[in-house]
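# Observations on chain architecture
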Amino acid sequence: FATIVNFQNLMAQMAPAMIVAAGMAICMINGEFDISVGAVVALTASIAGTLMPQLGIFLTVVLALLIGPAFGLFAGFVVTRFGIPSFITTLGTMMIARSLAFVVTEGQVVSGVPDAFRVIGLARPLGVPLPFIIAILTILAGYVLLNHTAFGKKVYAIGSNRNVAILSGINVNKIKIFCLMICGLTASFASLVLLARIGSIQADTARGLEFEVIAAVVIGGVSLAGGQGNILRVIIGVIVIALTRNFLNLARIDIFWQEFATGAIILAAVLLDALQKRIASSR
């Protein structure tokens, strides 16, 4: 476990989840959820892996980065226009995205990613995997967005009290749509980093990622009710999940027990959030 090679592999493996967690944190602070991120990762990577040999790297990346925001825009419209909870709405978009991923790949593994693109996933400047550096920069960008812009203040305000935010003149629906689009963007971005690292993709990729990311965000201190949380602490949550999986793999624990451990962590994160709220309300 305590080897440089293992830590390097661990940093590279946790990078996509950390990137998605940045968007999920913004979404949850705003009081919404997006459980379609895992399916969007699979769909984006499937499309990018299929098109890249024909269209080239630049055009494929541009098109791929539009997929997540498009799903976020659609989900945001449904949530704000019809008042349907984001959890239910993104459950539908999750199934749509996963189905489209199977359609695009025809159930086969997509490979043949250009070596020039794979450099992004395999490079290790100063021994640190480039995907991990990209993930940290994404988290930092999210921190700046939330803490040093008017948009970020509105995100916190809406998550804290939607009615007060409306009375303050904030366009609540617009902010909610933007938050879901940002979450979709990070999912598409993470898929490209993942594709660059492993060099191939299949439609079943990233299944369950959404729940791991939500657990990591809650472990990092973001409230399930919205309105509070520090995006920088999300890094801790992602590391906890990644370390648990890494330890179980190295200990050769059966994969079915690995899912058990992940589920236990998710429940613990939810209970911790509930306990924190009870303590806060008692004061």
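Above this text is the structure in question.
Notes on the structure follow. (Residues numbered from 1 in each chain as written. Predicted model: local features only at pLDDT ≥ 70, side-chain atom pairs only at ≥ 80, totals over all residues. Heavy atoms only, no water.)

Turning next to the overall build of the protein. Counting its regular elements, the protein contains 12 helices and zero strands. From first element to last, N terminus to C terminus, the protein shows the α and β order α-α-α-α-α-α-α-α-α-α-α-α. Considered along the principal axes of its C-alpha atoms, the protein spans approximately 55 × 40 × 35 Å. The buried share of the protein, reckoned over its 283 residues, is 47%. Put simply, of all contacts in the protein between residues at least 6 apart along the chain, 78% involve residues at least 24 apart. Distance between charge centroids for the protein: 12 Å, based on 17 positive and 10 negative side chains. (Helix = DSSP H or I, 4+ residues; strand = E, 2+ residues; numbered from the N terminus. Buried < 20%, exposed > 50% of the residue type's maximum accessible area, 1.4 Å probe, protein only. Contact = heavy atoms within 4.5 Å. Lys, Arg positive; Asp, Glu negative; His and termini not counted. Charge placed at Lys NZ, Arg CZ, Asp CG, Glu CD.)

Moving on to the pattern of salt bridges. Scanning the model with the defined rule gives three salt bridges in all. A salt bridge links Glu-32 to Lys-176; the nearest nitrogen and oxygen atoms lie 2.5 Å apart. In this pair, Glu-32 is assigned in the loop between helix 1 (4–29) and helix 2 (37–55) and Lys-176 in helix 9 (residues 172–198), connecting sequence segments 144 residues apart. On the accessibility criterion, Glu-32 (8% relative accessible area) is buried. Given the relative accessible area of 8%, Lys-176 is considered buried. (Salt bridge = Lys/Arg side-chain N within 4 Å of Asp/Glu carboxyl O.)

Here helix 12 (residues 255–282) spans 41 Å end to end across 28 residues, near enough to the 40 Å set by a 1.5 Å rise per residue. All of the buried residues along helix 12 are Gln-258, Ala-261, Thr-262, Ile-265, Ala-269 and Asp-273. Where helix 12 is buried, its residues touch helix 10 (209–219) and helix 11 (234–250). (Expected span 1.5 Å × (residues − 1).)

Take the packing of helix 6 (residues 130–147) against helix 7 (residues 150–160) next. Where helix 6 contacts helix 7, the two axes come as close as 5 Å, and the packing angle between them is 80°. Judged by the angle between their axes, helix 6 and helix 7 are roughly perpendicular. Where helix 6 abuts helix 7, its residues Leu-145, Leu-146 and Asn-147 lie against Phe-151, Gly-152, Lys-153, Val-155 and Tyr-156. (Axes fitted to C-alpha atoms, helices over the stretch in contact; angles between N-to-C directions. Parallel < 35°, antiparallel > 145°, perpendicular 65-115°, else oblique.)

Looking now at the state of the cysteines. A disulfide bridge is the covalent bond that connects two cysteines by way of their sulfur atoms. Applying the stated criterion across every chain yields a total of zero disulfides. You can see Cys-179 has no disulfide; the closest cysteine sulfur is in Cys-27, sitting 6.2 Å from it. (Disulfide = S-S within 2.5 Å.)

Next up on the list: helix 7. For helix 7, the full list of buried residues reads Phe-151, Gly-152, Val-155, Tyr-156, Ile-158 and Gly-159. For helix 7, the arc enclosing every buried residue in end-on projection is 165°, short of the 170-degree limit, so these residues lie on one face. Away from its buried face by more than 90 degrees, helix 7 exposes Ala-150, Lys-153 and Ser-160. Buried residues along helix 7 sit in contact with helix 1, helix 6, helix 8 (162–167) and helix 9. (Arc of directions from axis to C-beta.)

Another point: the packing of aromatic side chains. This structure, assessed with the given rule, holds three aromatic pairs. For the ring pair Phe-77 and Phe-82, a centre distance of 6.0 Å and an interplane angle of 85° mean the geometry is edge-to-face. By relative accessible area, which is 44% here, Phe-77 ends up partly exposed. On the basis of relative accessibility, which here comes to 55%, the residue Phe-82 falls in the exposed class. (Phe/Tyr/Trp six-rings, centres within 6.5 Å; stacked < 30°, edge-to-face > 60°.)

Within the secondary structure, Phe-74 sits in helix 3 (residues 57–82). Taking relative accessible area as the criterion, Phe-74 reaches 45% and is therefore assigned partly exposed. As for Phe-74 and Val-40, which are separated by 34 residues in sequence, their C-alpha atoms are 13 Å apart.

Looking now at unusual backbone geometry. For Glu-106, which is not a glycine, the phi torsion comes out positive at approximately 55°. Structurally, the position occupied by Glu-106 is in the loop between helix 4 (86–105) and helix 5 (115–122). Here Leu-126, not a glycine, exhibits a phi torsion of approximately 55°, which is positive. On the secondary structure map, Leu-126 appears in the loop between helix 5 and helix 6.

Considering the arrangement of structural elements, one finds Ile-67 in helix 3. By relative accessible area, Ile-67 is classed as buried at 13%. Each C-alpha atom of the pair Ile-67 and Val-41 lies 9.5 Å from the other, and the pair is 26 residues apart in sequence. Those residues within four positions of Ile-67 in sequence are excluded, and the remaining contacts are Leu-43, Thr-44, Ile-47 and Ser-188.

In this section: the packing of helix 6 against helix 9. Two packed helices can be described by the angle between their axes and the distance between those axes. Across the interface, helix 6 lies against helix 9 with an axial gap of 11 Å and an inter-helix angle of 170°. With respect to their mutual orientation, helix 6 and helix 9 come out roughly antiparallel. As helix 6 packs across helix 9, the resulting crossing turns out to be right-handed. For the pair helix 6 and helix 9, contact is made by Pro-131, Ile-134, Thr-138 and Leu-145 and by Ile-182, Phe-189 and Val-193, respectively. Residue classes in the contact of helix 6 with helix 9 are distributed as six nonpolar, one polar and no charged. (Left-handed = near helix turned anticlockwise from the far one by under 90°. Nonpolar A, V, L, I, M, F, W, Y, C, P; charged D, E, K, R; others polar.)

Functional significance is not addressed by these values, which are geometric in nature.
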